[in-house]
Amino acid sequence: GCPEIIPTGEILIPVGVVQPITLKAKNLPQPQSGQKNYECVFHIEDKLQRVPAVRFNSSSVQCQNTSYTYEGNQSGDLSVDFSIVWDGQFYIDKPASFKALLYKCPAQRDSCGLCLKADPRFECGWCVLEGKCLLRQYCPNPKGNWMHLSKRNTRCSNPQIKKIHPLTGPREGGTKVTIDGANLGLYFREVWVQVAGVQCTSVPSQYVSAEKIVCEMEESLVPKPAPGVVELCIGDCSSEYRTQSDQLYTFVTPSFNEVSPMRGPASGGTRLTIRGKHLDAGSSVSVLIRDSDCRFIERNPREIVCISPASSQGPSPAAITLRIDKANIGNRDVIYTYTEDPTITRLEPAWSIFK
């Protein structure tokens, strides 16, 4: 039969670690006198790395003790094509998809949270005193200095808030506040968040382990709540697991006092501009013309633009309601009027010169 490499599992190679790589095979020929031995040829980025190999028998070959690396820290892992060569030029068959995965624990994992959420196959852990993501054997005093998910109750200290959005919302609540940062827990159930003194409940489906928390604001029971920071705890609120934002969150009262144009055809399709204050607050907005949605286009602090729906009652006045998160905002003095659809009764002139 033909010589062939048989995949038996994924080949994981940590950068810089000297190790052999043993491969299963079948029908491997025994080099004869004058023939070159086996080699493993790795294609790493734009370079070839040739490694001496030993044929143990017809069903096994081993790339000898060698370390491998790739340039830069832009990627935490790199898929590497490789070949087994006999007598300098004869390539042993293998599936095209069978490749090695070369990886660096520190690359793209510069915080404890990013390190611990790395693919568990890599066995990366956080070396606490060194502040680096490393394999266990490279961390001094690993018994007490190396954090890994295999240990019970593992969690990262020093949570950090880098950015919050939005920075304003209605007092009625319902605003989904997005918090970006580092070491923001490994599981959403660990996270406790308070925004400007008001409870904010984590949304599990939008949580990104260690990196992003999305929480939904409860209603503020204070009539005129003051601006405040985002406070966050991971597991418990002791000093090493607690942090707060530099940015302030402010409760506002959105309002509107004008719509332009004030009238349009009952069939809808009119581009409306609603003007007021704090119209960019919160995380979601919808506009109702009487009882139908005005198709949202854009908004800023002073304007909301939408496309009017068809009137369910034909030509008639219609009230406008804004829904910003859980706040319902109206203004009795601002009315949009549906008019009769335009009709064409005459075209003049009715003829022209053909040219």
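Residues numbered from 1 in each chain as written. Predicted model: local features only at pLDDT ≥ 70, side-chain atom pairs only at ≥ 80, totals over all residues. Heavy atoms only, no water.

Colleague: I keep staring at the packing of aromatic side chains and nothing clicks. Help me out?
Modeller: Overall, the coordinates contain 7 aromatic pairs when judged by the stated rule. Measuring from centroid to centroid gives 5.6 Å for Phe-82 and Phe-98, while their planes differ by 70°, and the two rings are edge-to-face. One end of the pair, Phe-82, is in strand 7 (residues 77-86); the other, Phe-98, is in the loop between strand 8 (90-91) and strand 9 (100-103), and 16 residues separate them in sequence. As far as burial versus exposure is concerned, Phe-82 and Phe-98 are alike and both buried. Taking the centre distance of 5.2 Å and the plane angle of 85° together, the rings of Tyr-336 and Tyr-338 count as edge-to-face. Residue classification places Tyr-336 among the buried positions, given a relative accessible area of 0%. (Phe/Tyr/Trp six-rings, centres within 6.5 Å; stacked < 30°, edge-to-face > 60°. Helix = DSSP H or I, 4+ residues; strand = E, 2+ residues; numbered from the N terminus. Buried < 20%, exposed > 50% of the residue type's maximum accessible area, 1.4 Å probe, protein only.)

Colleague: I'm lost on the side chain of Thr-243 in this one. Help?
Modeller: With respect to the element layout, Thr-243 can be found in strand 20 (residues 242-252). Only 3.5 Å separates the side chain of Thr-243 from the backbone oxygen of Pro-159, close enough to count as a polar contact. Ignoring anything within four residues of it in the chain, the contact list for Thr-243 reads Pro-159, Gln-160, Ile-161, Val-230, Glu-231 and Leu-232. (Polar contact = N/O pair within 3.5 Å; in protein donor to acceptor, adjacent residues only side chain to side chain. Contact = heavy atoms within 4.5 Å.)

Colleague: What am I meant to see in the UniProt feature "domain: IPT/TIG" (unreviewed entry) in the protein here?
Modeller: Those residues carrying the UniProt feature "domain: IPT/TIG" (unreviewed entry) are residues 158-252 and 253-339 in this numbering. Counting secondary structure, residues 158-252 comes out at 0% helix and 53% strand; the distance between its end C-alpha atoms is 31 Å. (UniProt positions renumbered as here; feature names shortened; annotations may be inferred.)

Colleague: Honestly, the UniProt feature "domain: PSI" (unreviewed entry) in the protein in this entry has me stumped. Any pointers?
Modeller: Here the UniProt-annotated "domain: PSI" (unreviewed entry) positions come out as residues 104-157. For residues 104-157, the end-to-end C-alpha separation is 23 Å, with 17% helix and 15% strand making up the annotated structure.

Colleague: What is the right way to look at the pattern of salt bridges in this model?
Modeller: Where charged atoms of side chains with opposite charge meet at close range, the side chains can pair. The tally for this structure, following the rule as stated, stands at 12 salt bridges. Its salt-bridge partner being Lys-94, residue Asp-81 comes within 3.4 Å of it at the nearest N-O pair. Taken together, the residues span a long stretch of sequence, with Asp-81 in strand 7 and Lys-94 in the loop between strand 8 and strand 9 at a distance of 13 residues. The exposure class assigned to Lys-94 is partly exposed, which follows from its relative accessible area of 22%. Three or more residues are tied together by salt bridges with common partners; here these are Glu-10, Asp-119 and Arg-121. (Salt bridge = Lys/Arg side-chain N within 4 Å of Asp/Glu carboxyl O.)

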